[in-house]
Amino acid sequence: MTPLRSTLVASIVLITAALTGKSIAEKPHPDKTASSPNMILVFIDDMGWGDFSCFGNTETTTTNIDRLANEGIRFNRFYVNSPICSPSRVAISTGQYPTRWDVTSYLATRQLNEARGMAQWLDPEAPMLARFLKNAGYATGHFGKWHMGGQRNVGDAPYISEYGFDESLTNFEGLGPRILAWCYSPDNDPPPKKHFGDAENLPGPTTWVDRSEVTQSFVDAAIPFIDKAAENGTPFYINLWPDDVHTPCYPPLHRWGDGSDRTKYIGVLKTMDDQLGVLFDRIRDDEHLRDNTIILICSDNGPAQNFGSAGPHRGYKTHLYEGGVRSPLIVWAPGIIDSTDAGTVNETSVFSAIDLVPSLLDIAGVPQPDAIEFDGEVLSHTIFGKGDASRKAPLFFRRPPDRDAFYGVDDLPDLAVIDGNWKVLCEFDGANPELYNLEKDPAETNNLADKNPELVQRLTNDLLAWQKSMPQDNGATFKLDKKKRK
């Protein structure tokens, strides 16, 4: 196997600029100054709440990520807005519930999307954080998994550049320059297989690498982007979205271990931490970048069963229980976070991915567009440790339409609401309510619904009203052959 060289990736990613007739940060916005903070959002794929060693993993040490946590702030009550990939990515990109954009499960084939009552891709008119920042003078780059359109047999989706990005490099679930993976096993018998090799037929140039080098490829593309923006004196916003630690897990051969699911997962997690560390060091070792850059790290949803760990929390990816929607969050910003707050843990502030969009716009000094109503709230002070406020409005969730039963659970709750320390889960009609006090029972083991009927009724009414106000998918009627599940 020949490792992918950084220069090759840098050359491939520049094709996006050539296709759009643009290059990054050619003319910095005249009103922007060096004080505009750079932002890097690291959005890990299918990682559990308890998989970083700084969040309790004792099987390995995520050295580079832990170092950021020790220099920044950890948040224990942060949520993503869906327990599955595509809608979670829509939420953290738009600041709005993904149900508003008819993206409520992972985007798949054209036929399956239609059967589930979903859009084929995120509408490019959606309010994108990247576009707002680009219009304010930021250089914007997406390096990593996309999965908001352009996958399987959906080759007519918008390019990533149409959502406000100057440059992009993705994998098999997006359009534009792509990295595709060879999957090697220790014995290479049978020969290595292509992971989603049919993505070769989608628009945009492709480069094949070892599965264990995909994250490194995204890092190799992001660093020259950072270098160029820094040289031009232009603030930058970067999505660094690995498709690690999503299955199939193919760590480097020296980390294959006994070949069990968990061992391979740990090998991929450790390798990803090493590869991300190269990017982190690029920022930390440059005094100007270190003092003017914010790095946020979280996961798009909970772990796959038998692979990642949700720590003490119940459930997995696809579940509305805490294990499916509670994510670790680390915020590193040594030029903004007071040194006395470095290494602290926020145990109480309840907020989510939709709150990051208006908060980051506020941090960048970019006014919220008058015509846009975010579901997220501005919580800048909380993010930087200058307060412990939670979002005021409740958080609402709808399960993916194709996930009424999964991972051995025959009837998963359809809806959920979190209001402070209280959480209700129920069916689409409000039946079978479950009530948990998340402060006292984060593992959701003690259903208090029978003891608190008035509280259950109030939260259920709020939840059903929210559900009624949203575009509907086919979750109430959809049936899926188990053999066809992702």
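That block above? That's the structure.
No experiment lies behind these values; they were computed from the predicted model shown.

Asker: How should I be thinking about the overall build of the chain in this particular structure?
Answerer: Assigned secondary structure in the chain consists of 12 helices and 16 strands. Viewed in the frame of its principal axes, the chain has a C-alpha envelope of about 60 × 55 × 45 Å. A buried classification covers 61% of the 486 residues belonging to the chain. Summarising the internal contacts of the chain: among those between residues at least 6 apart in sequence, 73% fall at separations of at least 24. Each charge class in the chain can be summarised by its mean position, and for the 47 positive and 66 negative side chains these summaries are 3 Å apart.

Asker: Just checking my understanding: could you explain the pattern of salt bridges for this structure?
Answerer: Should their charged atoms come close, side chains of opposite charge can pair. Inspection of every chain in the model, using the stated rule, returns 33 salt bridges. Across the pair Arg 262 and Asp 51 runs a salt bridge, and its minimum N-O distance is 3.1 Å. With Arg 262 in helix α7 (residues 261-284) and Asp 51 in the loop between β1 (38-44) and α2 (63-71), this residue pair connects regions lying 211 residues apart in the sequence. Residue classification places Arg 262 among the buried residues on the basis of a relative accessible area of 18%. Residue Arg 152 pairs with Glu 173 through a salt bridge whose shortest N-O separation is 2.7 Å.

Asker: I'm lost on helix α6 (residues 214-232) in this one. Help?
Answerer: Two residues of an α-helix separated by three or four positions point the same way, owing to the 3.6 residues in each turn. Between the first and last C-alpha of α6 there are 28 Å, a value that for 19 residues agrees with the 27 Å anticipated at 1.5 Å per step. The positive-phi residue at the C-terminal boundary of α6 is Gly 233, with phi of around 70°.

Asker: Help me out: how do you make sense of the sheet that holds strand β7 (residues 206-210) in this one?
Answerer: Sheets are built from strands paired through backbone hydrogen bonds, the pairs being either parallel or antiparallel. Taken together, the three strands give an open sheet; going across it, the order is β6-β5-β7, and neighbouring strands pair in mixed fashion. The two strands at the open ends of the sheet, each matched to only one other strand, are β6 (193-195) and β7. Within this sheet the neighbouring strands show an average axis-to-axis angle of 35°, counted without direction. By the bridge criterion, five bridges tie strand β5 (residues 178-183) to β7 in an arrangement that is parallel. Directly across from Trp 182, in β7, lies its bridge partner Asp 210.

Asker: What should I look at first to understand the environment of Pro 248 in this one?
Answerer: Position of Pro 248 among the secondary structure elements: in the loop between β8 (236-241) and α7. When its relative accessible area of 25% is taken as the criterion, Pro 248 is described as partly exposed. Ignoring sequence-local partners within four residues, the contact set of Pro 248 consists of Cys 183, His 195 and Arg 211.

Asker: Where do I start with the packing of α2 against α7 in this structure?
Answerer: The relative placement of two packed helices comes down to the angle between their axes together with the axis-to-axis distance. Contact pair α2 / α7: the axes reach a minimum separation of 7 Å and the direction vectors enclose 50°. Classified by the interaxial angle, the pair formed by α2 and α7 is oblique. On the side of α2, the interface is formed by Thr 63, Asn 64, Ile 65, Arg 67, Leu 68 and Glu 71, while α7 contributes Lys 270, Asp 273, Asp 274, Leu 276, Gly 277, Phe 280, Asp 281 and Arg 284.

Asker: Looking at this model, I keep getting lost on the side chain of Asp 414. Mind explaining?
Answerer: With respect to the element layout, Asp 414 can be found in the loop between β13 (395-398) and β14 (415-419). Separated by 2.6 Å, the side chains of Asp 414 and Arg 399 make a polar contact. Of the polar contacts made by the side chain of Asp 414, one reaches the backbone nitrogen of Phe 428; its length is 2.9 Å. Each residue touching Asp 414, except ones within four places of it in the same chain, is listed here: Leu 320, Phe 397, Arg 398, Arg 399, Asp 404, Cys 426, Glu 427 and Phe 428.

Asker: Is there a simple way to explain the environment of Leu 122 in this structure?
Answerer: Relative to the helices and strands, Leu 122 is located in the loop between α4 (110-115) and α5 (129-135). In this structure Leu 122 comes out as buried when scored by relative accessible area, which is 0%. Sequence separation between Leu 122 and Gly 365 is 243 residues; the distance between their C-alpha atoms is 26 Å. Apart from the residues within four sequence positions on either side, Leu 122 is in contact with Val 90, Thr 94, Trp 101, Met 128, Met 148 and Tyr 163.

Calculation criteria
- Residues numbered from 1 in each chain as written.
- Predicted model: local features only at pLDDT ≥ 70, side-chain atom pairs only at ≥ 80, totals over all residues.
- Heavy atoms only, no water.
- Helix = DSSP H or I, 4+ residues; strand = E, 2+ residues; numbered from the N terminus.
- Buried < 20%, exposed > 50% of the residue type's maximum accessible area, 1.4 Å probe, protein only.
- Contact = heavy atoms within 4.5 Å.
- Lys, Arg positive; Asp, Glu negative; His and termini not counted.
- Charge placed at Lys NZ, Arg CZ, Asp CG, Glu CD.
- Salt bridge = Lys/Arg side-chain N within 4 Å of Asp/Glu carboxyl O.
- Expected span 1.5 Å × (residues − 1).
- Pairing = 2+ DSSP bridges.
- Axes fitted to C-alpha atoms, helices over the stretch in contact; angles between N-to-C directions.
- Parallel < 35°, antiparallel > 145°, perpendicular 65-115°, else oblique.
- Polar contact = N/O pair within 3.5 Å; in protein donor to acceptor, adjacent residues only side chain to side chain.

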